[in-house]
Amino acid sequence: MAAPVNPSPLNKAFKHLDIDGHDLPPSPAPSSPGNGKKYTLATELVYTESNDQYNASSVPIYQSATFKGEGNEYDYTRSGNPTRTHLERHLAKIMGAHRALVVSSGMAALDVITRLLKPGDEVVTGDDLYGGTNRLLKFLTTHGGIIVHHVDTTNPAAVQAVLSPKTTMMLLETPTNPLMKIVDIPTLSSAAHAANPAALVVVDNTMLSPYLQNPLDLGADIVYESGTKYLSGHHDVMAGVVATNDPQLGDRLYFPINASGCGLSPFDSWLLLRGIKTLAVRMEKQQANAQAIAEFLEGHGFKVRYPGLKSHPQYDLHWSQARGAGAVMSFETGSTAVSERIVEAARLFAISVSFGCVNSLISMPCRMSHASIDAATRKERSLPEDIIRLCIGIEDVSDLIDDLQQALVRAGAVRITTEGGIQALDSRDVEGGTAQTRQVTDEP
Ligand SMILES: Cc1ncc(COP(=O)(O)O)c(C=O)c1O
Ligand SMILES: N[C@@H](CCSC[C@H](N)C(=O)O)C(=O)O
């Protein structure tokens, strides 16, 4: 694919505008066929157009650190690379954003965003957050002079109580990781902007991806997500995405990427672009499987946290701002030891951190993804030590349910009913170790 040097005066005049009005370098330009029709997201995800000199169907990987010449669109890959630009423009299109930027991980994306803060700035955020997010915010409080308020963001009154003209950023996750709490993006965005019109509302959209939720349409100023998860979908690349509709904010976010060099590499940009094309089919299958599994667990007496279940306390709120429930859920057993046994007994579900992969995963957040939050803080924030997180993949759902069922039985988390079904044991029975149950559980 050539980054064509087109001497046409028309091209020069419109150098910074693509057909969607994005004020970005013009080449290479993935877009929809320019026939005026608005396509659905599933179609837009797949369609990219490039003006490659050989009409390559797959965007070439510009594995080059430097570009010859002076005053050209690209000079150095830290500053910009055609493969990365192609991905960024594709993401801007599917995220409904003016500008998207891709970096080396989800945490790098948050790092870029927090570079907007200055010592003394106040950040309002949730009490249930991904462990790495909590870790970076804590570091900024001890090393960057930032003041962070952790509150229950499902409670607008609690949020209101810490908002002030000093609030410069509100950082939200919804659904939260791992408690799957739903946060009202429009209400909280309005509250933050009312407290300080210059406050930036930032939403971590990793749990749902742009296929299921668009925080920029709901009042957020910046959306970011870990591309390591659903966007790429195969756990073969680390990536992060930051997007905004404000051109000046876009420039301010680009600055630390160029200054520090955390922009996504050409090969990883190519991998992420490939993953994005199958996002719709993966997500549809993953969330259909997740719904069936959540119903299976709930139907057998477990307390399941999943926004696809009517029993979710914020079911209506979730569906007022999202188009699907995603494929992550968590549930409790009443006993850390039982939870450990379930996780260890699963065979198809891999014991692994992360989510969004085509394979199903099982984990204990307090030991794994959220281990960086100390035990006292976890307790203070009501993060149950026995919580199990399931991240559902695209396998056959009956195989997944069979695997879970045998894990529950082997772990002694359920008893066999007289009808031959299974029923979650009361945590007191579990702690007491109902020998009868254990005996029938050894093999599936
Ligand atoms: C909700 C959420 N946000 C951000 C991240 C950070 O992403 P990454 O691992 O790509 O740095 C993760 C997981 O790591 C996450 O679960
Ligand atoms: N050791 C890692 C753990 C990564 S957790 C990844 C993911 N966000 C999840 O929720 O599972 C770390 O310390 O960050």
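Residues numbered from 1 in each chain as written. Chains lettered and ligands numbered in written order. Predicted model: local features only at pLDDT ≥ 70, side-chain atom pairs only at ≥ 80, totals over all residues. Heavy atoms only, no water.

As recorded in an unreviewed UniProt entry, the protein goes by Cystathionine beta-lyase and comes from Zalaria obscura.

Chemist: It is not clear to me how the site of ligand 2 should be interpreted in this structure. Could you clarify?
Modeler: Around ligand 2, the neighbouring residues are Y130, R135, N177, K229, V353, S354, F355, S369 and R389. Between an oxygen atom of ligand 2 and a side-chain N or O atom of R135, the distance comes to 2.7 Å. Between ligand 2 and R389 there is a distance of 2.6 Å, counted from an oxygen atom to a side-chain nitrogen or oxygen. If ligand 2 stood free it would expose 390 Å²; the protein chains cover 69% of that surface. A class-by-class count of the residues in the shell around ligand 2 yields 3 nonpolar, 3 polar and 3 charged. Built from parts of two domains, the shell around ligand 2 gets at least three residues from each of domain 1 (9–276) and domain 2 (280–432). (Near = heavy atom within 4 Å. Polar contact = N/O pair within 3.5 Å; in protein donor to acceptor, adjacent residues only side chain to side chain. Areas by Shrake-Rupley, 256 points an atom, 1.4 Å probe, with all protein chains shown as cover. Nonpolar A, V, L, I, M, F, W, Y, C, P; charged D, E, K, R; others polar. Domains from an automatic or database assignment.)

Chemist: Explain helix α14 (residues 397–411) to me, please; I cannot follow it from the model alone.
Modeler: Every α-helix carries 3.6 residues per turn, so stepping three or four residues along brings you back to the same face. With 15 residues, α14 should cover 21 Å at 1.5 Å per step; its first-to-last C-alpha distance of 21 Å lies within 8% of that length. Immediately beyond the C-terminal end of α14, within one or two residues, lies G412, with a positive phi of roughly 75 degrees. (Helix = DSSP H or I, 4+ residues; strand = E, 2+ residues; numbered from the N terminus. Expected span 1.5 Å × (residues − 1).)

Chemist: Any chance you could explain the nonpolar core here in plain terms?
Modeler: Note that soluble globular proteins tend to have their nonpolar side chains buried in a common cluster. Grouped together as the largest cluster of nonpolar side chains are 69 residues, with contacts concentrated most on L91, I293, L297, M329, L390 and L408. Element by element, the count of residues in this core is highest for helix α10 (residues 279–299), at 8 residues. There are two domains that each give this core at least three residues, and those are domain 1 (9–276) and domain 2 (280–432). For L91, the residues in contact, after removing those within four places along its chain, are A100, V102, L231, V241 and I276. Membership of the second largest hydrophobic core comes to 27 residues, among which are A109, V123, L200 and I257. (Core = buried A, V, L, I, M, F, W, Y, C linked by side-chain atoms within 4.5 Å. Buried < 20%, exposed > 50% of the residue type's maximum accessible area, 1.4 Å probe, protein only. Contact = heavy atoms within 4.5 Å.)

Chemist: Is there a simple way to think about the pattern of salt bridges in this case?
Modeler: Any two side chains of opposite charge can pair, on the condition that their charged atoms come close. Inspection of every chain in the model, using the stated rule, returns 9 salt bridges. Note that E332 and R305 form a salt bridge whose closest N and O atoms lie 2.9 Å from each other. Of this pair, E332 sits in strand β9 (residues 328–332) while R305 sits in strand β8 (residues 303–305), and the two are 27 residues apart along the sequence. You'll find E332 and R305 in the same group, each marked buried. Taken together, the shared-partner salt bridges connect D127, D152 and K181 into one network. (Salt bridge = Lys/Arg side-chain N within 4 Å of Asp/Glu carboxyl O.)

Chemist: Can you walk me through the domain arrangement of the protein in this structure?
Modeler: Interface extent is often summarised as the accessible area lost during association of the parts. The domains assigned to the protein are domain 1 (9–276) and domain 2 (280–432). Taken together, the 46 residues of domain 1 in the interface contact 41 residues of domain 2. If you sort the residues of domain 1 by the area they bury against domain 2, I182, L212 and Y230 come out on top, with a joint share of 22%. Inspection of the domain 1/domain 2 interface yields 0 salt bridges. Counting every contact that joins domain 1 to domain 2 gives 24 residue pairs in polar contact (both at pLDDT 80 or more). Broken down by secondary-structure element, the contributors of at least two residues to the side of domain 1 that touches domain 2 are α2 (41–46), α5 (131–143), α7 (185–195) and α9 (266–277). Of the residues that constitute the side of domain 1 that touches domain 2, the class distribution is 22 nonpolar, 17 polar and 7 charged. (Buried area = accessible area lost by both parts, 1.4 Å probe.)

Chemist: Looking at this model, I keep getting lost on the site of ligand 1. Mind explaining?
Modeler: Around ligand 1 lies a shell of 14 residues, among which G106, D204, S226, T228 and K229 are the nearest. G106 has a polar backbone atom sitting 2.8 Å from an oxygen atom of ligand 1. Here an oxygen atom of ligand 1 and a side-chain polar atom of K229 are 2.9 Å apart. Surface burial for ligand 1 is 92%, taken as the share of its 380 Å² of free accessible area covered by protein chains.

Chemist: How should the pairing of β9 be read in this particular structure?
Modeler: Taken residue by residue, a regular strand's side chains alternate between the two faces of the sheet. Of all 5 residues making up β9, 5 are buried, and the element is well covered by its neighbours. Relative to β9, β8 is paired through 3 bridges, and the arrangement is antiparallel. Across the sheet, residue R305 finds its bridge partner in β9, namely S330. (Pairing = 2+ DSSP bridges.)

Chemist: When you look at empty space enclosed by the protein in this model, what are you seeing that I'm missing?
Modeler: The gaps left among the atoms become clear once a water-sized probe is rolled over them. Applying the stated criterion to the full structure yields 2 cavities of 30 Å³ or more. Per-class residue counts for the lining of the largest cavity are 4 nonpolar, 1 polar and 4 charged. Of the domains in this structure, domain 1 (9–276) and domain 2 (280–432) are the two that each give at least three residues to the lining of the largest cavity. The space that makes up the second largest cavity amounts to roughly 40 Å³. Lining of the second largest cavity is provided by M95, N205, P210, Q213, N214, P215, L216, D217 and V223. Partitioned by chemical class, the residues of the lining of the second largest cavity number 5 nonpolar, 3 polar and 1 charged. (1 Å grid on protein atoms, 1.4 Å probe; cavity = no way out; pocket = protein on both sides within 12 Å on 5 of 7 lines; lining within 4 Å. Points joined across faces, edges and corners; volume = space filled by probe spheres on them.)

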